[in-house]
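Descriptive analysis of the structure
This is what each chain is made of:
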Amino acid sequence: MTYGNFPGTRPRRLRTTPAMRRMVAETRLHPADLILPAFVREGISEPVAIGAMPGVVQHTRDTLRKAAVEAVEAGVAGIMLFGVPEDAKKDGVGTAGTDPDGILQVALRDVRAEVGDDLVVMSDLCLDEYTDHGHCGVLDAAGRVDNDATLERYAEMAQVQADAGAHVVGPSGMMDGQIGVIRDALDGIGREDVAVLAYTAKYSSAFYGPFREAVGSSLTGDRKTYQQDPANVRESLKELALDLQEGADMVMVKPAGPYLDVLAKVADAVDVPVAAYQISGEYAMIEAAAEKGWIDREKAILESLTGIRRAGADMILTYWATEVAQGLR
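Quick caveat, the model's predicted, so the values are computed rather than measured. (Residues numbered from 1 in each chain as written. Predicted model: local features only at pLDDT ≥ 70, side-chain atom pairs only at ≥ 80, totals over all residues. Heavy atoms only, no water.)

Examining empty space enclosed by the protein
Scanning the model with the defined rule gives 1 cavity of 30 Å³ or more in all. Put simply, the largest cavity is a space of about 80 Å³. Around the largest cavity, the lining residues are Phe82, Asp124, Asp128, Glu129, Ser172, Lys202, Tyr208, Phe211, Arg212, Arg223, Gln227 and Lys254. Class assignment for the residues of the lining of the largest cavity results in 3 nonpolar, 2 polar and 7 charged. (1 Å grid on protein atoms, 1.4 Å probe; cavity = no way out; pocket = protein on both sides within 12 Å on 5 of 7 lines; lining within 4 Å. Points joined across faces, edges and corners; volume = space filled by probe spheres on them. Nonpolar A, V, L, I, M, F, W, Y, C, P; charged D, E, K, R; others polar.)

Rendered as structure tokens:
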């Protein structure tokens with residue numbers, strides 16, 4: 001039984017067909033929204049599969065170049081490079097991270113030579129891959145991460161990465177003052193053109209587990225004295241204000257999925273581009289559940305990325321970047 005024209009408003013009218021739903025969709029994914037994180041490992045002749053991240057590999061220099069070309073052809077916006085040095089080259093201050101012939105710098109030159117400006121080439125600016133203790137900074141005599149001594153190393157890293165061809169540097173260590181020091185270091189060598197993507201809200205997360213395998217991490221202990229407490233959000237907004245004051249061109253929230261509330265607050269507060277990093281654990285959970293037949297893999301991937309985009313991300317770093325971009329074209 002109906003009463004008059006009740007219900008007078010019927011939202012379901014706009015859900016009737018796939019074409020209708022597509023037409024009125026409020027959030028859309030586009031290949032240009034996506035950035036591909038990629039690992040390049042020194043001293044290997046074939047790609048090495050990452051057990052905890054099915055479908056992701058540690059690249060050789062040759063296969064990284066091919067991956068970059070594939071990303072360009074799919075319409076992906078950028079690629080974020082992570083270097084994996086030989087264990088023998090790790091030391092207490094991450095010397096390989098500032099060696100012009102270190103694996104990341106070599107890879108930056110390779111990719112720029114291959115794709116030029118057709119892909120935004122980004123570099124992870126952090127010491128953790130290159131230190132024998134696995135921390136993101138230099139340690140003091142008591143074994144604590146020395147913030148200001150680490151900033152000196154970050155300044156050197158920024159300069160050598162810019163010289164190697166990075167369009168964008170991504171300082172991920174969560175040291176106080178890192179954006180200002182890096183901006184000054186880049187400007188000091190005449191590289192005002194190199195942008196800084198600030199890892200503004202990088203949380204101390206359990207979801208980084210597979211990434212540690214991907215970069216061959218030497219870490220013992222945790223990073224809770226410099227990465228943010230998952231319980232906090234006001235702290236992220238404070239970090240945001242500082243990063244913008246220090247000259248960040250873009251800002252990022254990491255991880256993405258468990259921190260959509262933080263992402264939304266950051267996006268509402270700024271007038272610079274906002275990125276979110278869908279990290280290794282987020283990737284691994286979907287891949288593992290799909291492998292078990294518990295979820296529809298493709299639909300879950302797209303839903304997760306749409307949620308991140310809906311929450312306010314202008315750009316999403318995701319290991320599915322090329323695959324999703326190919327499907328969207």
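Moving on from the model shown.
Observations regarding the packing of aromatic side chains
If you walk through the whole model with that rule in mind, you get 6 aromatic pairs. Both rings, one in Tyr277 and one in Tyr319, keep their centres 6.1 Å apart while their planes meet at 50°; by these two values the pair is tilted. Taken together, the positions of Tyr277 in strand E9 (residues 274-277) and Tyr319 in the loop between strand E10 (315-317) and helix H11 (321-328) put the pair 42 residues apart, joining distant regions of the chain. Exposure class is identical for Tyr277 and Tyr319. Each is buried. Seen in terms of ring centroids, Tyr283 and Tyr319 are 5.8 Å apart; in terms of plane orientation they differ by 75°. Their pairing is edge-to-face. (Phe/Tyr/Trp six-rings, centres within 6.5 Å; stacked < 30°, edge-to-face > 60°. Helix = DSSP H or I, 4+ residues; strand = E, 2+ residues; numbered from the N terminus. Buried < 20%, exposed > 50% of the residue type's maximum accessible area, 1.4 Å probe, protein only.)

Concerning the pairing of strand E1 (residues 34-41)
For E1, the buried fraction is high: 7 of the 8 residues fall into the buried class. Bridge count for E1 against E10 is 2 bridges, and the pairing is parallel. In the strand pairing of E10, Ile35 is matched with Leu317. As paired strands, E1 and strand E4 (residues 78-84) are joined by 7 bridges and run parallel to one another. Bridging across to E4, Ile35 finds its partner in Gly78. Across 2 bridges, E1 lies against strand E3 (residues 57-59) in parallel orientation. Across the sheet, residue Val40 finds its bridge partner in E3, namely His59. (Pairing = 2+ DSSP bridges.)

Structural notes on the packing of helix H9 (residues 280-291) against helix H10 (residues 297-310)
A pair of packed helices can be characterised by two numbers: the angle between their axes and the separation between those axes. Running from amino to carboxyl end, H9 crosses H10 at an angle of 160°, the nearest separation of the two axes being 9 Å. Taken together, the axis directions place H9 and H10 in an arrangement best described as roughly antiparallel. In terms of crossing hand, the pair formed by H9 and H10 is right-handed. Here H9 contributes Ile286, Glu287 and Ala290 to the contact with H10, which in turn contributes Arg297, Ala300, Ile301 and Ser304. Taken together, the residues of the contact of H9 with H10 sort by class into 4 nonpolar, 1 polar and 2 charged. (Axes fitted to C-alpha atoms, helices over the stretch in contact; angles between N-to-C directions. Parallel < 35°, antiparallel > 145°, perpendicular 65-115°, else oblique. Left-handed = near helix turned anticlockwise from the far one by under 90°. Contact = heavy atoms within 4.5 Å.)

A closer look at the side chain of Glu42
Tracing the backbone shows Glu42 in the loop between E1 and strand E2 (48-49). For Glu42, the residues in contact, after removing those within four places along its chain, are Val84, Pro85, Glu86, Lys89 and Ile103.

Overview of helix H2 (residues 61-74)
Taking 1.5 Å of rise per residue, the 14 residues of H2 would be expected to cover 20 Å, and the 20 Å separating its terminal C-alpha atoms lies within 8% of that figure. Buried residues of H2: Thr63, Leu64, Arg65, Ala67, Ala68, Ala71 and Ala74, and no others. Lining the buried residues of H2 we find E1, E3, E4, helix H3 (103-115) and H11. Immediately beyond the C-terminal end of H2, within one or two residues, lies Gly75, with a positive phi of roughly 90°. (Expected span 1.5 Å × (residues − 1).)

Some details on unusual backbone geometry
Across the junction of Lys254 and Pro255, the peptide omega takes the value -5°, indicating a cis bond. Tracing the backbone shows Pro255 in the loop between strand E8 (250-254) and helix H8 (260-269). Even without being a glycine, Met174 presents a positive backbone phi close to 60°. With respect to the element layout, Met174 can be found in the loop between strand E6 (168-171) and helix H5 (178-188). Its relative accessible area of 6% is what places Met174 among the buried residues.

Remarks on a nonpolar patch on the surface
A contiguous nonpolar surface patch, about 280 Å² in accessible area, is contributed by Leu14, Met23 and Val24. Residue position: Leu14 is located in the segment before helix H1 (18-24). (Patch = residues over 30% accessible without salt bridge, like charges linked within 9 Å, V, L, I, M, F, W, Y side chains within 5 Å. Areas by Shrake-Rupley, 256 points an atom, 1.4 Å probe, with all protein chains shown as cover. Salt bridge = Lys/Arg side-chain N within 4 Å of Asp/Glu carboxyl O.)

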